[in-house]
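Observations on the three-dimensional arrangement
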Amino acid sequence: MLLTGPATTVRWALKHGLIRHGVRRAARAGDPVAALQTDPAARADPYPLYRQLRERAPLLAGPLVCTTARHDVATMLLRDDRFGVGFTGVQLPLGAVALTRLAEWRAPIGPVDPPSLLAVDPPLHSRLRRVVARVFTARAVEAQRPRIEERCAELLDDLAARGGDEPVDLVARYAALLPVTVIAEILGVPLAMRGRFLRWGAAGARTLDFGLSLREYRHAESGVRALNGWLRGHFARLRAEPGDDLFSRLVQLDGDDRLTGDELLATAGLVLAAGFETTVNLLGTGALLLHTHPEQRELLAEEPRHWPTAVEEMLRYDSPVQTTVRISRVATELHGVRLRPGTPVQVLLGGANRDPAVFDDPERFDITRPNARDHLSFSGGVHYCLGAALARLEAEIGLRALFTRFPHLTVTGPPHRRPTRVLRGYDAIPVRLGPAA
């Protein structure tokens with residue numbers, strides 16, 4: 001059921017409607033950055049346009065945002081404390097402050113809404129990140145390896161039982177189920193909730209895009225509100241009967257680490273969404289890349305030691321997260337462009353990952369690329385992705401197990417792209433598994 005109240009419509013107008021109008025107007029005027037949002041060809045394959053933008057200037061000043069597709073500029077923006085993800089400390093006109101508060105009035109808390117880690121800067125960000133980071137240490141993530149391998153085997157057994165000649169959707173039956181199962185166990189969420197979390201996550205992922213239609217926004221907000229409601233009830237249950245999982249630890253915090261209700265909701269929702277949304281895309285895209293590059297697939301079969309680098313190259317070549325935004329906190333000048341406080345700067349991660357100044361022959365998919373890990377797919381600076389190590393581990397184990405069990409896997413029809421632009425991946429990949437090894 002879609003939300004249709006006036007408050008939802010007002011929020012859509014302030015968060016997306018005005019931007020949607022501005023983007024379309026800029027596209028009609030020939031703005032190449034706006035074409036990323038309006039041109040269907042750019043949605044299917046944004047990399048030629050990224051290349052044009054990168055060659056045009058280190059930083060492009062547009063009517064709505066400034067944009068870069070260069071690796072060095074992107075790296076600086078992600079790490080420089082003159083730029084943040086929110087407007088904390090930025091002197092905004094009173095009208096803008098009032099509109100911001102109006103947009104947040106009675107709104108559900110999604111992945112990009114304060115106090116989500118994606119939407120706040122230090123010192124609040126530092127406190128929240130410190131709390132969650134304890135669960136995603138290198139040692140804690142590596143300890144998940146046996147469990148991930150076990151889950152992969154179970155899912156692949158289910159696929160093998162269907163027979164190798166029967167067509168199957170690789171995303172629905174494997175790429176989506178593996179990460180949502182893993183993150184559910186880490187966070188203490190019942191496995192029976194997997195289907196609902198996948199639907200809520202897909203709805204919430206749309207909120208990362210900007211310029212949504214009113215219908216798209218209503219659908220996304222409904223999913224986020226449903227997730228918020230379930231989480232509140234789940235927290236109440238965990239306070240009464242805590243387990244040995246992240247959510248239980250979050251609700252039991254006290255002292256300086258104690259989270260407010262909104263902080264708890266935002267942190268939990270973000271970890272849930274980020275814990276499987278990007279990994280679903282990585283698994284699906286990685287499988288398709290190996291299918292379309294059989295020589296690379298054969299090399300992995302002959303020399304499995306290349307798997308860690310192969311995952312890094314998948315992340316570089318077709319990043320699950322294509323873009324992020326930083327806000328200038330102070331007046332500054334960057335590559336000849338004057339930035340006032342509050343100016344948004346769009347960082348095209350996918351474009352930076354194919355910068356020939358950093359990556360030789362960047363349009364080539366090469367699982368032996370020595371500097372593949374220099375990609376920016378997990379962002380950088382204080383907002384570097386907390387779940388990066390877990391995503392890498394799931395992709396390496398999941399894809400290696402898939403192609404070891406089904407070495408003759410073939411794609412049988414056109415994969416279907418997800419409708420999102422910030423997140424890039426597939427929501428359906430029809431395959432025939434072939435005989436199991």
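Before any of the text, the structure's been laid out above.
Let me sum up the structure you'll find in this document. On a predicted model such as this, the values are computed, not experimentally measured, just so you know.

**As for the packing of aromatic side chains**
Going through the model one piece at a time under the given rule, you end up with six aromatic pairs. When the centroid spacing of 5.6 Å and the interplanar angle of 65° are considered together, the rings of phenylalanine 235 and phenylalanine 247 count as edge-to-face. Taken together, the residues phenylalanine 235 in helix 13 (residues 214–240) and phenylalanine 247 in helix 14 (residues 246–252) connect sequence positions twelve residues apart. Under the relative-accessibility criterion, phenylalanine 235 is labelled buried at 4%. Here phenylalanine 247 falls in the buried class, since its relative accessible area comes to 0%. Residues tyrosine 317 and phenylalanine 365 carry aromatic rings whose centres are separated by 5.5 Å and whose planes lie at 65° to one another, so their mutual orientation is edge-to-face. Taken together, the residues span a long stretch of sequence, with tyrosine 317 in helix 17 (residues 307–317) and phenylalanine 365 in the loop between helix 18 (349–352) and helix 19 (388–405) at a distance of 48 residues. Here tyrosine 317 falls in the buried class, since its relative accessible area comes to 14%. Grouped by ring-pair contacts, the aromatic residues Phe197, Trp200 and Trp230 constitute a single cluster. Positioned over the ring face of phenylalanine 359 is arginine 316, at 5.3 Å from the centre of the ring. Sitting over the face of the ring of tyrosine 317, arginine 354 holds its NZ or CZ atom 4.0 Å from the ring centroid.

**So, the packing of helix 15 (residues 261–292) against helix 19**
The interhelical angle for the contact between helix 15 and helix 19, taken along N-to-C directions, is 40°, at an axis separation of 10 Å. Considered as vectors, helix 15 and helix 19 are oriented oblique to each other. Crossing handedness for the pair helix 15 and helix 19: right-handed. For the pair helix 15 and helix 19, contact is made by Gly275, Thr279, Leu282, Leu283, Gly286, Ala287 and Leu290 and by Ala391, Glu394, Ala395, Gly398, Leu399, Leu402 and Phe403, respectively. Taken together, the residues of the contact of helix 15 with helix 19 sort by class into nine nonpolar, four polar and one charged.

**As for the sheet that holds strand 12 (residues 430–432)**
Taken in spatial order, the three strands of this open sheet run 4-12-9, and their pairing is antiparallel. In the strand order of this sheet, the two ends are held by strand 4 (168–169) and strand 9 (410–411), each with one partner. Pairing between strand 4 and strand 12: two bridges, direction antiparallel. Bridging across to strand 12, aspartate 169 finds its partner in proline 430.

**Quick look at the side chain of glutamate 313**
In this fold, glutamate 313 is placed in helix 17. Discounting residues that sit within four places of it in the chain, glutamate 313 has contacts with Arg364, Phe365, Asp366, Ile367, Arg369 and Ala372.

**Some points on the pattern of salt bridges**
Taken as a whole and assessed by the stated rule, the structure comprises 31 salt bridges. A salt bridge links arginine 151 to glutamate 154; the nearest nitrogen and oxygen atoms lie 2.4 Å apart. Placement of both arginine 151 and glutamate 154 in helix 9 (residues 145–162) is noted, with a separation of three residues, approximately one turn of the helix. Exposure remark for glutamate 154: the relative accessible area of 33% places this residue in the partly exposed category.

Conventions we followed
Residues numbered from 1 in each chain as written. Predicted model: local features only at pLDDT ≥ 70, side-chain atom pairs only at ≥ 80, totals over all residues. Heavy atoms only, no water. Phe/Tyr/Trp six-rings, centres within 6.5 Å; stacked < 30°, edge-to-face > 60°. Helix = DSSP H or I, 4+ residues; strand = E, 2+ residues; numbered from the N terminus. Buried < 20%, exposed > 50% of the residue type's maximum accessible area, 1.4 Å probe, protein only. Lys NZ or Arg CZ within 6 Å of the ring centre and 35° of its normal. Axes fitted to C-alpha atoms, helices over the stretch in contact; angles between N-to-C directions. Parallel < 35°, antiparallel > 145°, perpendicular 65-115°, else oblique. Left-handed = near helix turned anticlockwise from the far one by under 90°. Contact = heavy atoms within 4.5 Å. Nonpolar A, V, L, I, M, F, W, Y, C, P; charged D, E, K, R; others polar. Pairing = 2+ DSSP bridges. Salt bridge = Lys/Arg side-chain N within 4 Å of Asp/Glu carboxyl O.

On their own, these measurements won't tell you what the molecule is for.
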